[in-house]
Amino acid sequence: QAAKPNVVVLATGGTIAGAGASAANSATYAAAKVPVDKLLAGLPELANVAKVSGEQVFQIASESFTNEHLLRLGQRVSALAKQADVDGIVITHGTDTLEETAYFLNLTVRTNKPIVVVGSMRPGTALSADGALNLYDAVTVAASKDAAGKGVLVTMNDEIQSGRDVSKTINIKTEAFKSQWGPLGMVVEGKNYWFRAPVKRHTMQSEFNIDDIKALPAVDIVYGYSNMNTTGIEAYGKAGVKALIHAGTGNGSVAAQAVDSLKALRAAGVQIVRSARVPDGFVLRNAEQPDDKYDWVVAHDLRPQKARILAMVALTKTNDSKELQRIFWEY
Ligand SMILES: NC(=O)C[C@H](N)C(=O)O
């Protein structure tokens, strides 16, 4: 019998490592409690799929992820991916910012080896906990040759999603992770079924490399809403933000009373990225606002939180708005 592939599970916390007081607590529990060794010991079925080893990188709820966590995790994933004795990497992660970490790794880790980010909506102590199967699926995908070269993947609820496209869309169901462009495939009983592949640049085709990124610039998000004011925009400007993501209404529209403040920030050298707060769709250049005239960038189909990740990564290489826009189209 052929040797099983080697998969490393990097644990960062989240609900997949959560624990509640009783089995009826599906939503009331403490995240980031169970250590990785215990998580893996609770899933002896993994041994049928791969030779799995665990490493506790952090033990936090994912809403508390910082840029430093992203950099440290990315550097560890990159180092492991270079090891000849590692065939695939799984990252257990809280679901709240899972999509941001998955996209960051997708943009910056130069490897064809499968990298799979996984979480759960219920703690392992709950009735119908989803973490064990999600993790089993993640290891299955990470151990598969057919998952290579597809960018960073996310396995939740039997689906294999692109880390670029997927977002958490509901906070109370196990069917929480969706992409408007659909999943790439499904994983069922330890086998992958693929239906599509990503076309945006990622991992090996990326011009970014985590090994060269020592720090990430300050990029923040302002939210658009009726009766919007400019307090947030101006405060971020004073704080020295390098790019500001505007989570606009509808097509990424900007309130008339906010336009001058954003123009003033741009004149001061801050990049303005126009995204939309609606869950799906994409923002077109010069629709709603004259982006060419104002020298603003549009976020394409990226949700504001993903646009923030791409802007940070892009700004490590360029502060040219035309280059930034090219990057937003390509990644
Ligand atoms: N379901 C979860 O994992 C939510 C948790 N707050 C986290 O992101 O860590």
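The preceding data block contains the structure.
The rules we used
Residues numbered from 1 in each chain as written. Predicted model: local features only at pLDDT ≥ 70, side-chain atom pairs only at ≥ 80, totals over all residues. Heavy atoms only, no water. Axes fitted to C-alpha atoms, helices over the stretch in contact; angles between N-to-C directions. Helix = DSSP H or I, 4+ residues; strand = E, 2+ residues; numbered from the N terminus. Parallel < 35°, antiparallel > 145°, perpendicular 65-115°, else oblique. Contact = heavy atoms within 4.5 Å. Nonpolar A, V, L, I, M, F, W, Y, C, P; charged D, E, K, R; others polar. Near = heavy atom within 4 Å. Polar contact = N/O pair within 3.5 Å; in protein donor to acceptor, adjacent residues only side chain to side chain. Areas by Shrake-Rupley, 256 points an atom, 1.4 Å probe, with all protein chains shown as cover. Core = buried A, V, L, I, M, F, W, Y, C linked by side-chain atoms within 4.5 Å. Buried < 20%, exposed > 50% of the residue type's maximum accessible area, 1.4 Å probe, protein only. Pairing = 2+ DSSP bridges.

Colleague: Can you explain the packing of helix α5 (residues 231-239) against helix α6 (residues 256-267)? Please cite residues and give values.
Modeller: Orientation of α5 relative to α6, taken along the N-to-C sense of each, is 10°, at an axis distance of 9 Å. When the axis of α5 is compared with that of α6, the two are roughly parallel. Taking contact as the criterion, the partners of I233, E234 and G237 in α5 are, on α6, A258, S261, L262 and L265. For the contact of α5 with α6, the per-class residue count stands at four nonpolar, two polar and one charged.

Colleague: Account for the site of the ligand, naming residues and giving values.
Modeller: Near the ligand the following residues occur: G14, T15, Y29, A61, S62, E63, G94, T95, D96 and S120. One nitrogen or oxygen atom from the side chain of E63 is found 2.9 Å from a nitrogen atom belonging to the ligand. One nitrogen or oxygen atom from the side chain of T95 is found 2.6 Å from a nitrogen atom belonging to the ligand. For the ligand, whose unbound accessible area comes to 270 Å², protein coverage reaches 92%. A per-class count over the shell around the ligand returns two nonpolar, six polar and two charged.

Colleague: Give me the lowdown on the nonpolar core, citing residues and values where you can.
Modeller: Residues L10, L73, V77, I91, F104, L105 and F328 are the most contacted members of the largest nonpolar core, which totals 54 residues. If one sorts the elements of this core by residue count, helix α8 (residues 304-315) sits on top with eight residues. In this structure, L43, Y136, A142 and A147 belong to the second largest nonpolar core, which totals 25 residues.

Colleague: Quick rundown of the sheet that holds strand β1 (residues 6-13)? Include the residues and the values.
Modeller: Hydrogen bonds between backbone atoms are what pair the strands of a sheet, whose relative direction is either parallel or antiparallel. Ordered by their spatial adjacency, eight strands build an open sheet running β2-β1-β3-β4-β5-β6-β9-β10, and the pairing between neighbours is mixed. Each edge of the open sheet carries a strand with a single partner, namely β2 (51-60) and β10 (191-194). Averaged over all adjacent pairs, the angle separating strand axes in this sheet is 25°, with direction ignored. Relative to strand β9 (residues 185-188), strand β6 (residues 159-162) runs antiparallel, the two sharing two bridges. Looking across to β9, one finds that E159 is bridged to M186. Most of the contacts of helix α3 (residues 98-108) go to strand β4 (residues 115-118), to which it runs at about 170°, and overall it touches β3 (88-92), β4 and β5 (153-156). On the sheet, helix α4 (residues 131-142) packs against β1, β2, β3, β4, β5, β6, β9 and β10 and is oriented at approximately 155° with respect to β3.

Colleague: Account for the side chain of T203, naming residues and giving values.
Modeller: Following the sequence through the fold, T203 ends up in the loop between β10 and β11 (219-223). Those residues in contact with T203, other than ones at most four positions away along the chain, are L105, N106, V109, R110, T111, G151 and V152.

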